[in-house]
Structures are given as structure tokens and as C-alpha cells.
Amino acid sequence: MDLPGELPAELADVDPERFVAARDALAKRLKAEGRVTEAADVKKLRKPTVAQWATAQVARREPGAVGDVRAASEAVASAQEAAVGGGSREDLKAAMAARRNSVRALGKAVDRVLADLGRPAGQRDEVLAAVDAAITESVAKGTTFGLPDDVTLAARDEPASEPEPDPRVVEAEAALAAAEADLEAAERALSEARERRDEARRVLGALDPH
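Definitions and limits used
- The written sequence of each chain sets the order in which its residues are numbered from 1.
- Predicted model: local features are reported for residues with pLDDT of at least 70 only, side-chain atom pairs are reported and counted for 80 or more only, and whole-chain, interface and lining totals are derived from all residues.
- Calculated side-chain values reflect all of the structure's heavy atoms, with hydrogen atoms and water omitted.
- Numbering of helices and strands starts at the N terminus; helices are DSSP runs of H or I of at least 4 residues and strands are runs of E of at least 2.
- Type-normalised accessible area, obtained with a 1.4 Å probe on protein chains alone, sets the label of each residue: buried when under 20%, exposed when over 50%, and partly exposed for intermediate values.
- The criterion used for residue contact is that any of the two residues' heavy atoms lie within 4.5 Å.
- Counted as a polar contact is a pair of N or O atoms within 3.5 Å, where, for protein atoms, one must be capable of donating a hydrogen and the other of accepting one, and residues adjacent in sequence contribute only when both atoms are in side chains.
- Joining through side-chain atoms within 4.5 Å is the link that ties buried Ala, Val, Leu, Ile, Met, Phe, Trp, Tyr and Cys residues into a set, and such a set is a nonpolar core.
- Salt bridges are counted wherever a side-chain nitrogen of Lys or Arg sits within 4 Å of a carboxyl oxygen of Asp or Glu.
- To estimate how far a helix should reach, multiply one less than its number of residues by 1.5 Å.
- A fitted line through C-alpha atoms serves as each axis, taken over the contacting stretch for helices, and the angle formed by two N-to-C directions is quoted from 0 to 180°.
- Roughly parallel covers angles under 35 degrees, roughly antiparallel covers those over 145, roughly perpendicular covers 65 to 115, and oblique covers all other angles.
- Think of pLDDT as the predictor's per-residue confidence, scored from 0 to 100.

Visitor: Quick question: what am I supposed to make of the overall build of the protein chain here?
Guide: Each helix and strand counted, the protein chain has seven helices and zero strands in total. When its helices and strands are written in sequence order, the protein chain yields α-α-α-α-α-α-α. Within the span of the protein chain, comprising 210 residues, buried residues form 30% of the whole. Once local pairs closer than 6 in sequence are excluded, the contacts in the protein chain between residues at least 24 apart make up 74%.

Visitor: Got a minute to help me understand the environment of Phe-19 in this structure?
Guide: With respect to the secondary-structure elements, Phe-19 resides in helix H1 (residues 16-32). The class for Phe-19 is buried, based on a relative accessible area of 0%. Remark: the alpha-carbon pair of Phe-19 and Arg-46, spanning 27 residues in sequence, is separated by 8.8 Å. Setting aside chain neighbours within four positions, we find Phe-19 in contact with Leu-7, Leu-11, Val-14, Leu-45, Arg-46, Lys-47 and Pro-48.

Visitor: Could you clarify how one ought to interpret the side chain of Arg-124 in this entry?
Guide: Mapped onto the fold, Arg-124 is located in helix H6 (residues 124-140). One polar contact links Arg-124 to Asp-125, side chain to side chain, over a distance of 3.5 Å.

Visitor: Sorry, what's going on with the nonpolar core here?
Guide: In a soluble, globular protein the nonpolar side chains are often hidden away together inside. Counting 19 residues, the largest nonpolar core has Val-58, Val-66, Leu-106, Val-110, Val-127, Val-131 and Ile-135 as the members making the most contacts within it. Within the residue set of this core, elements represented by two or more residues are helix H3 (50-61), helix H4 (63-84), helix H5 (89-117) and H6. In this structure, Val-127 is in contact with Ala-54, Thr-55, Val-58 and Val-110, ignoring residues within four places of it in sequence. Leu-11, Ala-27, Leu-30 and Val-42 belong to the second-largest nonpolar core, a separate cluster that totals eight residues.

Visitor: Got a minute to help me understand the pattern of salt bridges in this structure?
Guide: A side chain of one charge can pair with a side chain of the opposite charge if their charged atoms are brought near each other. Per the stated rule, a full pass over the model turns up 14 salt bridges. As a salt-bridge pair, Arg-35 and Glu-38 come within 2.9 Å of each other at their nearest N and O atoms. What makes Arg-35 partly exposed here is its relative accessible area of 35%. Assessed through its relative accessible area of 39%, Glu-38 is described here as partly exposed. Put simply, Asp-132 and Arg-99 hold a salt bridge, and the shortest N to O gap is 2.5 Å. Linking Asp-132 in helix H6 with Arg-99 in helix H5, this pair joins segments that are 33 residues apart in sequence. The burial state of Asp-132 is the same as that of Arg-99; both residues are buried.

Visitor: Can you help me understand H4 in this one?
Guide: Every α-helix carries 3.6 residues per turn, so stepping three or four residues along brings you back to the same face. Compared with the 32 Å implied by 1.5 Å per residue over 22 residues, the 31 Å span of H4 between its first and last C-alpha is a close match. Listed in full, the buried residues belonging to H4 are Ala-65, Val-66, Val-69, Ala-72, Ser-73, Val-76, Ala-77, Ala-79, Gln-80 and Ala-83. Looking at the buried side of H4, the elements it contacts are H3, H5 and H6. Looking one or two residues beyond H4, the residue adopting positive phi is Gly-86, at roughly 100°.

Visitor: Help me understand the packing of H1 against helix H2 (residues 36-43) in this model?
Guide: To describe two helices that pack against each other, one gives the angle between their axes and the distance between the axes. At a minimum axis distance of 8 Å, the contact between H1 and H2 shows a crossing angle of 170°. Considering their axes alone, H1 and H2 lie roughly antiparallel with respect to each other. Across from Arg-23, Asp-24, Leu-26, Ala-27, Leu-30 and Lys-31 in H1, the residues of H2 making contact are Glu-38, Ala-39, Val-42 and Lys-43.

Visitor: When you look at the confidence of the model for the protein chain in this model, what are you seeing that I'm missing?
Guide: Of all residues in the protein chain, 73% have pLDDT values of 70 or greater, and the mean over the chain is 77. Predicted confidence in the protein chain is weakest over helix H7 (residues 167-207), with a mean pLDDT of 70, and strongest over H2, with 91.

Visitor: Would you mind showing me how to read H1 here?
Guide: Its 17 residues give H1 an end-to-end C-alpha distance of 25 Å, which sits within 8% of 24 Å, the value for a rise of 1.5 Å per residue. Within the span of H1, buried status applies to Pro-16, Phe-19, Arg-23, Leu-26, Ala-27 and Leu-30. Packed against the buried residues of H1 are H2 and H3. Backbone nitrogen of Glu-17 and a side-chain oxygen of the N-cap are separated by 3.1 Å at the start of H1; the cap is Asp-15.

Okay, here's the thing in C-alpha cells:
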């Protein structure tokens, strides 16, 4: 699927809970203005799911992060096609690593959007997966993007021997990956804790107005 299409400006930021009422009101106004065809088109719009709406909000509010993942995905597609034809495997590995970094940044963008929308941080993975899948499918059209990571590449002459990786580099890369994963988990936990704190404050305020 592609990223969610554009809604009329009057409906673009309306949450799913209020969508039907806002849609019907807009259709009624358009019809009263004599814009019958537009009114009919608006009336046909279906209420988005929370995930669909949040995905659209990410596309609207964080176009830079979405664009970075799209560009990185296109780079992977090109590198895959080149590798299948005997091109550099290292270029493909580098492109895939760059894409993983862009998706990590997109995850932080999703966190920001959910926080701005007042939505549970627990929806992060679903929304991130939806945005990523939409970008991937969009880029995949007309390309070989989406080949499995273990795709059989064209045979080519290899160096007689390859140097063994420096174990210190391997250890440092593993430590960095683990630290980044821990940081992301901590950020999600902090966001959820803040949400629980705010809810507790609201409940306390309702019980003890003084």
C-alpha cells in the first residue's frame, strides 16, 4: 500500500473518534454550497482506523523522517539490483545499514507524533510498521526491492583471501548496537511512565480538587 492519501484539509487532522461527524458536516456544507460532486466524494470517505490515522499524521508531521526512509529504501533497491548483476556486496551491506539507521530515526519521529497526539506510546510499533511497510511497497513497484537478504548474487572473482575482522571492531559494533537498543527501550519506557504519571495526576485532581 502507499502512504495514506490526502484528505480534505478540513478532515486531515480530525481523529477517528470525531471523523464521521466531521465528514458528514463537511459533506452537508459542500452540498449547501452547490458543490454536489465534492459533497458526494466526501460522504464516501471511510473512517480511518487509529493506526491508519496515526500513520497519516506521521507522514504529514514528519516528512523529513519519512523521506529519509524512502531514499534509503531506494538506495537498497538500486544496490540489490546491482549486486544481482555482479556488483559490490559491500555497497548493498552499506545501503541496508543506512536504511536500518533511517528506520531507527523514523521510530523516534513516531514517538514524537504519538506524544503530540496524546496517543499511547504502546501504539508505536504498529504505526512504525505501517509507515515502513507503506514506504517499502511504494519503492518496490517496478524494482526488485524486497529480495531476501540471502539472495543469490552473481558469481564473480573473489580475492584470494580476506583479512579477518578486527575483534575489537566487532566487539565495539556489538556494544554500540546493544546500547542503542537499550536507549530506545529506555525512551519508550520513559514515555509510558510520563503517560501514567499524567493520568495519575488527572485522577488525583478529579478526586481532590483542593
